[in-house]
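# Structure assessment
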Amino acid sequence: MQVKSETQTGFKSHLRIIPAWAWALASIAFIAAQWFFNFEMVHQTQCPPAWGRFLLGLLAGIGAVCLFALIGYVNRDAKRRGMSPTLWTIIAICVPNGIGLLLYFVLRRPLPSSCPQCGNAIQPGFNFCPGCNYKLSPSCPQCQRIVSAGDTYCPYCGTTQGNKAAQ
Ligand SMILES: [Zn+2]
Ligand SMILES: [Zn+2]
């Protein structure tokens, strides 16, 4: 039985929903930051040393990439949660200091579950996807109740769980 790390697949699935335009904007912003700090800043009177400019450029570039990736994420994530993607993208961009993004993550609706494998809608309490039989959450083979991925025994009926003990 294949047991995937939940956090890892979760993070990857978050990255996967970030649209291509967000990555494109992030790349442009990163390059622009390098250009600004390494070339444009040279013309200013109070210019930091080369290593300082390089570091600033790198930090600003990474910051910009994160920002655009997050904005792209909000845009897609809002849509799949039944919230207005346009409204939340505007809020994420226009409310300064990341507060718009923060607001989004505080106020966002719980995800109407969808199968990570085929995208089929999942009702709360489903253990398997009705579309592709994907195992949505580890369940006890004896009583079929949901157990944690790390459980050795079922907390409801005490049956040994195959995931850890068998391997
Ligand atoms: Zn499925
Ligand atoms: Zn059980």
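Bear in mind that the values here come from a model prediction, so they are computed numbers and not experimental data. (Residues numbered from 1 in each chain as written. Chains lettered and ligands numbered in written order. Predicted model: local features only at pLDDT ≥ 70, side-chain atom pairs only at ≥ 80, totals over all residues. Heavy atoms only, no water.)

### Here's the deal with the domain arrangement of the protein
It is common to report an interface's size as the accessible area lost on association of the parts. When cut into domains, the protein gives domain 1 (6-107) and domain 2 (115-167). Each of domain 1 and domain 2 was reduced to a C-alpha centroid, and the two centroids are 36 Å apart. (Domains from an automatic or database assignment.)

### Topic: helix H3 (residues 50-80)
In this model H3 runs 45 Å from its N-terminal to its C-terminal C-alpha over 31 residues, within 8% of the 45 Å that 1.5 Å per residue would give. Following H3 by one or two positions, Gly82 has its phi on the positive side, about 75°. (Helix = DSSP H or I, 4+ residues; strand = E, 2+ residues; numbered from the N terminus. Expected span 1.5 Å × (residues − 1).)

### Side note on the coordination of the zinc ion (ligand 2)
Each protein donor to the zinc ion (ligand 2) is listed here as Cys140 (SG), Cys143 (SG), Cys154 (SG) and Cys157 (SG); together their distances run 2.3 Å. Seen from the zinc ion (ligand 2), its four donor atoms lie at angles of 106 to 118°, and the figure they make is tetrahedral. Residue classification places Cys154 among the buried positions, given a relative accessible area of 4%. (Donors = N, O, S within 2.8 Å, 3.2 Å for Na, K, Ca; no water. Tetrahedral: all angles 85-135°; square planar, octahedral: opposite > 155°, others 65-115°. Buried < 20%, exposed > 50% of the residue type's maximum accessible area, 1.4 Å probe, protein only.)

### What to know about the coordination of the zinc ion (ligand 1)
Bound to the zinc ion (ligand 1) are the protein donor atoms Cys115 (SG), Cys118 (SG), Cys129 (SG) and Cys132 (SG), situated 2.2 to 2.3 Å from the metal. One way to put it: the four donor atoms around the zinc ion (ligand 1) meet at angles of 104 to 115°, and that makes the site tetrahedral. All donors of the zinc ion (ligand 1) belong to a single chain; written as a sequence motif, their spacing is C-x2-C-x10-C-x2-C. Highlighted residues: Cys115 in the loop between helix H5 (99-107) and helix H6 (162-165) and Cys129 in the loop between H5 and H6, separated in sequence by 14 residues.

### Quick look at the packing of aromatic side chains
Taken as a whole, this structure holds four aromatic pairs when the rule is applied. On the basis of an interplanar angle of 90° and a centroid distance of 5.1 Å, the ring pair of Phe36 and Phe37 is categorised as edge-to-face. Pairing Tyr73 with Phe105 gives two aromatic rings, centres 5.9 Å apart and planes at 15°, and the pair type is stacked. You can see Tyr73 sitting in helix H3 and its partner Phe105 sitting in helix H5, a full 32 residues away along the chain. Site record: aromatic cluster; members linked through ring pairs are Tyr73, Trp88, Tyr104 and Phe105. (Phe/Tyr/Trp six-rings, centres within 6.5 Å; stacked < 30°, edge-to-face > 60°.)

### Notes on the packing of helix H4 (residues 85-94) against H5
Contact geometry for H4 and H5: axes closest at 6 Å, N-to-C directions at 135°. Our classification of the angle between H4 and H5 gives oblique. On H5, the residues touching Trp88, Ile91 and Ala92 of H4 are Gly100, Leu101, Leu103, Tyr104 and Leu107. Its residues placed into classes, the contact of H4 with H5 shows seven nonpolar, one polar and no charged. (Axes fitted to C-alpha atoms, helices over the stretch in contact; angles between N-to-C directions. Parallel < 35°, antiparallel > 145°, perpendicular 65-115°, else oblique. Contact = heavy atoms within 4.5 Å. Nonpolar A, V, L, I, M, F, W, Y, C, P; charged D, E, K, R; others polar.)

### Observations concerning the packing of H3 against H5
H5 packs onto H3 with a crossing angle of 35° between their chain directions and a minimal axis gap of 11 Å. For the crossing formed where H3 meets H5, the hand is left-handed. Across the interface between the two elements, Leu67, Leu70, Ile71, Tyr73, Val74, Asp77 and Ala78 of H3 pack against Leu101, Tyr104 and Phe105 of H5. Considered class by class, the residues forming the contact of H3 with H5 number nine nonpolar, no polar and one charged. (Left-handed = near helix turned anticlockwise from the far one by under 90°.)

### Re H5
Within H5, the full set of buried residues consists of Gly100, Leu101 and Tyr104. On an axial view of H5, the arc spanned by its buried residues comes to 100°, and they lie on one face. Residues of H5 that are exposed and angled more than 90 degrees away from the buried face: Leu102 and Val106. As for H5, its buried residues are in contact with H3 and H4. (Arc of directions from axis to C-beta.)

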